[in-house]
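Chain by chain, the residues:
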Amino acid sequence: QLQASGGGLVQAGGSLRLSCAASGRTFSSYAMGWFRQAPGKEREFVAAISWSGGSTYYAESVKGRFTISRDNAKNTVYLQMNSLKPEDTAVYYCAAEPNNILTSRVSMYDYWGQGTEVTVSS
């Protein structure tokens, strides 16, 4: 129901835009989040956005470099990633939170996409 795409290989300092398209149901009333998981590490929060797009929340490690946005008409959430660093290398997942709460807690999100891989070379 959530399909993440847009990952790839990029050099440090480069940019990528991830997309998360919903199908089968609408998530326009849900908060949406992006998480990432590097090899051997736990899944960590990256960014979240309210259902209206009016509120956003970022992990300190990406603040000022990443921008989350959404287009409810297209049932799609985006993550624009600029000034990428090798430590941003991970599989990125999108997720939906049903109560419109901007949270970093993995357990609060009910629906998860399959992930898209981002590799940043130094």
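Residues numbered from 1 in each chain as written. Predicted model: local features only at pLDDT ≥ 70, side-chain atom pairs only at ≥ 80, totals over all residues. Heavy atoms only, no water.

Caption draft 1: A look at the overall build of the protein chain. On a plain count of helices and strands, the protein chain comes out with zero helices and 11 strands. In the protein chain, the succession of helices and strands from N to C terminus is β-β-β-β-β-β-β-β-β-β-β. Relative to the 2.2 N^0.38 estimate, which gives 14 Å for 122 residues, the radius of gyration of the protein chain is 13 Å and therefore close to what a compact globule would have. Dimensions of the protein chain along its principal axes, counting C-alpha atoms only, are 40 × 25 × 25 Å. For the protein chain, the proportion of its 122 residues judged to be buried stands at 43%. If you take every contact in the protein chain between residues at least 6 apart in sequence, the share linking residues at least 24 apart comes to 59%. For the protein chain, the separation between the mean place of its 11 positive charges and that of its 9 negative charges on side chains is 4 Å. (Helix = DSSP H or I, 4+ residues; strand = E, 2+ residues; numbered from the N terminus. Rg over C-alpha atoms; globule rule 2.2 N^0.38 Å. Buried < 20%, exposed > 50% of the residue type's maximum accessible area, 1.4 Å probe, protein only. Contact = heavy atoms within 4.5 Å. Lys, Arg positive; Asp, Glu negative; His and termini not counted. Charge placed at Lys NZ, Arg CZ, Asp CG, Glu CD.)

Caption draft 2: Structural view of the packing of aromatic side chains. According to the stated counting rule, one finds eight aromatic pairs in the structure shown. Ring geometry for Phe-35 against Trp-112: centres 5.0 Å apart, planes inclined by 55°, an arrangement best described as tilted. Of this pair, Phe-35 sits in strand 4 (residues 31-37) while Trp-112 sits in strand 10 (residues 111-112), placing them 77 residues apart in sequence. The class for Trp-112 is partly exposed, based on a relative accessible area of 26%. Over the ring of Tyr-93 we find Arg-43; its NZ or CZ atom is 3.8 Å from the centre of that ring. The side chain of Arg-43 reaches across the aromatic face of Trp-112, ending 4.9 Å from its centre. (Phe/Tyr/Trp six-rings, centres within 6.5 Å; stacked < 30°, edge-to-face > 60°. Lys NZ or Arg CZ within 6 Å of the ring centre and 35° of its normal.)

Caption draft 3: Region of the structure containing empty space enclosed by the protein. Taken as a whole, this structure holds one cavity of 30 Å³ or more when the rule is applied. Of the voids in this model, the largest cavity is the one considered here, and its volume is about 50 Å³. Leu-2, Cys-20, Ala-22, Phe-27, Met-32, Arg-70, Asn-72, Asn-75, Thr-76 and Val-77 together form the lining of the largest cavity. Where the lining of the largest cavity is concerned, the elements lending two or more residues are strand 3 (16-22) and strand 8 (76-81). Residues belonging to the lining of the largest cavity are distributed by class as follows: six nonpolar, three polar and one charged. (1 Å grid on protein atoms, 1.4 Å probe; cavity = no way out; pocket = protein on both sides within 12 Å on 5 of 7 lines; lining within 4 Å. Points joined across faces, edges and corners; volume = space filled by probe spheres on them. Nonpolar A, V, L, I, M, F, W, Y, C, P; charged D, E, K, R; others polar.)

Caption draft 4: Structural detail: the pattern of salt bridges. Across all of its chains, the model carries four salt bridges by this definition. A salt bridge links Arg-36 to Asp-88; the shortest N-O distance between them is 2.9 Å. Separated by 52 residues along the polypeptide, Arg-36 in strand 4 and Asp-88 in the loop between strand 8 and strand 9 (90-97) bring together distant segments of the chain. In this pair, the class of Arg-36 matches that of Asp-88, namely buried. (Salt bridge = Lys/Arg side-chain N within 4 Å of Asp/Glu carboxyl O.)

Caption draft 5: The arrangement of the state of the cysteines in detail. Applying the stated criterion across every chain yields a total of one disulfide. What pairs with Cys-20 in a disulfide is Cys-94, and their sulfur atoms sit 2.1 Å apart. Across the S-S bond linking Cys-20 and Cys-94, the dihedral sits near 65°, which makes this disulfide right-handed. Remark: Cys-94 occurs in strand 9 and Cys-20 occurs in strand 3; sequence separation between them is 74 residues. The class of Cys-20 is buried, set by a relative accessible area of 1%. Residue classification places Cys-94 among the buried positions, given a relative accessible area of 1%. (Disulfide = S-S within 2.5 Å.)

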